[in-house]
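Okay, here's what each chain looks like letter by letter:
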Amino acid sequence: MTKNGPLALAFNALVIAFMLAPLVVVCVVAFTPENTLTLPTTEFSLRWFRAVFEHSDFMQSFWNSLWLALASATIATLLAVPAGMAITRYAFPGRDFLNALFLSPLIIPHLVLGVALLRMFALVGGTGSFGFLIFAHALIVTPYTLRLVVAALVGFDRSAEQAALSLGASQATVFKRITLPMILPGVTGGWLLAFINSFDEVTMSIFVTSPSTVTLPVRMYMYATESIDPLMAAVSALMVAVTAVAMIVLDRLYGLDRVLVGGHK
């Protein structure tokens, strides 16, 4: 293989700069001491970051998003592990349909899902319920967890499981002591990826949240329709930081190459 030439490197650098420029600008603007969206020129200030923590609506929405992401990611993992084992290890009628059903939220626009779930919640009397909101988020993040669980199970060497079964261990013991520890990186990475997607979800959440369950991305959208000031930049910078930390943890636990392109770490 030949190395990239100067022209290719320059093109790659321009693409990366183009992609990162909006994030960098937003993060820099968050440190402005001014009352408008301006780049800090003379000094940097944490004024708007303090304002975020003093804004009760934003803090309540942050906690809503946090608990929602924790609950939905956990439910998605509890569903994805047995589903992944069934899909990869057993041949049964409807296996392909089951796999497609679990992965279908990836191809259905979240706008459509939001409208459909809003209608369903209205019919069953679940509008405004935090439990139904958790259900909605678990629905859309399960495919991310399932994909990593299936990736961990494909090519899984079952010789250790068979040895344990031949020595008298129960199926539950084999799963707890052998299978789960061996696929734990995939399970953990799937849970973290589900958490990130749930925490950042806005399109569907707009339709299924209520005044008491507004998530942080929805709160930002509502605030942006009324006022645009550096407070939004500060919140955005904090969300970028949280997402970046989560992605770094995911890379250390499982490897972003395996998540995005199916490579091996």
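Residues numbered from 1 in each chain as written. Predicted model: local features only at pLDDT ≥ 70, side-chain atom pairs only at ≥ 80, totals over all residues. Heavy atoms only, no water.

**Remarks on the overall build of the protein**
If you tally the helices and strands in the protein, you get twelve helices and zero strands. What you see in the protein, going N to C, is helices and strands ordered as α-α-α-α-α-α-α-α-α-α-α-α. Judged by the C-alpha coordinates and their principal axes, the protein covers about 70 × 60 × 30 Å. Counting every position in the protein, which comprises 265 residues, the buried fraction comes to 36%. (Helix = DSSP H or I, 4+ residues; strand = E, 2+ residues; numbered from the N terminus. Buried < 20%, exposed > 50% of the residue type's maximum accessible area, 1.4 Å probe, protein only.)

**Notes on a nonpolar patch on the surface**
Taken together, the side chains of F11, V15, I16, F18, M19, L20, L23 and V24 define a hydrophobic patch exposed on the protein surface, amounting to about 840 Å² of accessible area. With respect to the secondary-structure elements, V15 resides in helix α1 (residues 6-29). For V15, a relative accessible area of 33% corresponds to the partly exposed category. (Patch = residues over 30% accessible without salt bridge, like charges linked within 9 Å, V, L, I, M, F, W, Y side chains within 5 Å. Areas by Shrake-Rupley, 256 points an atom, 1.4 Å probe, with all protein chains shown as cover. Salt bridge = Lys/Arg side-chain N within 4 Å of Asp/Glu carboxyl O.)

**Things to note about the side chain of R89**
The topology assignment puts R89 in helix α3 (residues 56-89). Residue contacts for R89: discarding those within four places in its chain leaves L153, F156, R158, E161 and T179. (Contact = heavy atoms within 4.5 Å.)

**Examining the nonpolar core**
Where a protein is soluble and globular, its nonpolar side chains tend to be buried together. F58, L216 and M220 are the most contacted members of the largest nonpolar core, which totals 34 residues. Residue assignment for this core shows that the elements contributing at least two residues are α2 (47-54), α3, α5 (110-124), α6 (130-153), α8 (171-200), α10 (216-226) and α11 (230-253). Sorting elements by how many residues they give to this core places α11 first, with seven residues. (Core = buried A, V, L, I, M, F, W, Y, C linked by side-chain atoms within 4.5 Å.)

**Things to note about the environment of L66**
Relative to the helices and strands, L66 is located in helix α3. Sequence separation between L66 and F199 is 133 residues; the distance between their C-alpha atoms is 6.7 Å.

**Concerning the packing of aromatic side chains**
All told, the structure shown has ten aromatic pairs when counted by the stated rule. With a centroid separation of 5.1 Å and an interplanar angle of 65°, the aromatic rings of F121 and F132 are classed as edge-to-face. Of this pair, F121 sits in helix α5 while F132 sits in helix α6, placing them eleven residues apart in sequence. By relative accessible area, which is 30% here, F132 ends up partly exposed. Through a chain of ring-to-ring contacts, the aromatic side chains of F62, W63, W67, W191, F195 and F199 assemble into a single cluster. (Phe/Tyr/Trp six-rings, centres within 6.5 Å; stacked < 30°, edge-to-face > 60°.)

**Let's talk about the pattern of salt bridges**
Taken as a whole, this structure holds one salt bridge when the rule is applied. Across the pair R89 and E161 runs a salt bridge, and its minimum N-O distance is 3.1 Å. Here E161 lies in helix α7 (residues 159-166) and R89 lies in helix α3, a separation of 72 residues in the sequence. With relative accessibility at 18%, the residue R89 sits in the buried group.

**With respect to α2**
Those residues of α2 not exposed but buried are W48, F49 and V52. Down the axis of α2, the sector holding all buried residues measures 105°, keeping them to one side. Residues of α2 that are exposed and point more than 90 degrees away from the buried face comprise F53 and E54. Against the buried residues of α2 lie α3 and α11. (Arc of directions from axis to C-beta.)

**Thoughts on the packing of α7 against α8**
Running from amino to carboxyl end, α7 crosses α8 at an angle of 140°, the nearest separation of the two axes being 10 Å. If you check the angle between α7 and α8, you find them oblique. Viewed along their axes, α7 and α8 form a crossing whose handedness is right-handed. The residues of α8 that touch α7, namely those facing A160, E161, A164 and L165, are Q171, V174, I178 and T179. Grouping the constituent residues of the contact of α7 with α8 by class yields five nonpolar, two polar and one charged. (Axes fitted to C-alpha atoms, helices over the stretch in contact; angles between N-to-C directions. Parallel < 35°, antiparallel > 145°, perpendicular 65-115°, else oblique. Left-handed = near helix turned anticlockwise from the far one by under 90°. Nonpolar A, V, L, I, M, F, W, Y, C, P; charged D, E, K, R; others polar.)

**Thoughts on the confidence of the model for the protein**
Per-chain confidence: the protein averages 84 in pLDDT, with 94% of residues scoring 70 or above. Helix α12 (residues 256-260) is the least confidently modelled element of the protein, averaging 60 in pLDDT, while α3 averages 91, the highest of any element. Scored below 50 in pLDDT, residues 261-265 makes 13 contacts in the model with residues more than four places away or belonging to other chains. (pLDDT = per-residue confidence, 0-100.)

**Digging into the packing of α3 against helix α4 (residues 95-103)**
Interhelical geometry of α3 versus α4 gives an angle of 145° and a closest axis separation of 10 Å. Every pair of crossing elements has a handedness; the one defined by α3 and α4 is left-handed. Of α4, the residues touching α3 (which contributes A83, A86 and I87) are R95, L98, N99 and F102. Class assignment of the residues belonging to the contact of α3 with α4 gives a composition of five nonpolar, one polar and one charged.

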